[in-house]
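Summary of the model geometry
Single-letter residue listing:
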Amino acid sequence: MDIRSLQQVSCARLEAPFFGCDLNLKLGVSLTVREGRRPLNGLRMVPENGTSGWYIWAGEDFSDDDDFFLPFHGKHLEEWAPVVLPYLALPPGWRFLIDGDYEDVWHDKDLLK
């Protein structure tokens, strides 16, 4: 199954509108994702200025440091964290936390303020 189909299935299962995510756009990714830490966390803001709106980090710690999220094209996630790909079509205001068989996905209206 291709990535778009996986995303459509995930959105339907989670009863979320399909918003799509062009993997050629940039997203904010912490280096902890590339290092293979877990759990994986993601939140989607409103896309702007050629970004997808996604911010993805790994581990339990989140940082407000200016260099915590670095701009990478979504294509890098195919190698670094393919498990997040099915969630990337969730619309702005959605979040996920995944770790092995554990999955928590929810709408966070505060992200849209």
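All of the points below concern the structure found in this document. All of these numbers come straight from a predicted model, not from anything done at the bench.

1. Some points on the nonpolar core
Val33, Leu77 and Leu90 are the most contacted members of the largest nonpolar core, which has 26 residues in total. Mapped onto this core, the elements with two or more residues apiece are β1 (26-29), β3 (51-58), α3 (77-80) and β5 (94-99). Ignoring sequence-local partners within four residues, the contact set of valine 33 consists of Arg38, Leu40, Ile56, Trp57, Ala58, Leu77, Trp80 and Ala81. Among the nonpolar cores identified, the runner-up in size contains 5 residues, and Leu43, Phe68, Phe69 and Leu111 belong to it.

2. Regarding the sheet that holds β3
As summarised here, the arrangement of the 6 strands in space is β4-β1-β3-β2-β5-β6, forming an open sheet in which the pairing is mixed. At either margin of the open sheet sits one strand with a lone partner, and together these are β4 (70-73) and β6 (102-107). The mean inter-strand angle of the sheet, taken between neighbouring strand axes irrespective of direction, is 20 degrees.

3. Here we look at the packing of aromatic side chains
All chains considered together, the criterion is met by 9 aromatic pairs. Centre to centre, the rings of tryptophan 54 and phenylalanine 96 are 5.5 Å apart; their planes meet at 50 degrees, and the pair counts as tilted. Highlighted residues: tryptophan 54 in strand β3 and phenylalanine 96 in strand β5, separated in sequence by 42 residues. Its relative accessible area of 1% is what places tryptophan 54 among the buried residues.

Each value, and the rule that gives it
- Along every chain, residues carry numbers that run from 1 in the direction the sequence is written.
- Local features in this predicted model are restricted to residues of pLDDT 70 or higher, and side-chain atom pairs are both shown and tallied only at a pLDDT of 80 or more, whereas totals for entire chains, interfaces and linings draw on every residue.
- Side-chain measures were taken over the full set of non-hydrogen atoms in the model, leaving aside hydrogen atoms and water.
- Put simply, a nonpolar core is a bunch of buried Ala, Val, Leu, Ile, Met, Phe, Trp, Tyr and Cys residues held in one set by side-chain atoms that sit within 4.5 Å of each other.
- Think of it in three bands: residues with accessible area under 20% of the maximum for their type are buried, residues over 50% are exposed, and the middle band is partly exposed, with areas taken using a 1.4 Å probe on protein chains only.
- Helical segments are the DSSP runs of H or I of at least four residues, strand segments are the runs of E of at least two, and each set is numbered from the N terminus.
- Residue contacts follow a heavy-atom distance rule, with two residues in contact if any of their heavy atoms lie within 4.5 Å.
- What makes two strands pair is DSSP finding at least two bridges between them.
- Between the N-to-C directions of two axes lies an angle of 0 to 180 degrees, each axis being a line fitted to C-alpha atoms and, for a helix, fitted only over the stretch in contact.
- To pair, rings of Phe, Tyr and Trp, with the six-membered ring standing in for Trp, must have centres within 6.5 Å; the planes then decide the type, stacked if under 30 degrees apart, edge-to-face if over 60, and tilted in the middle.

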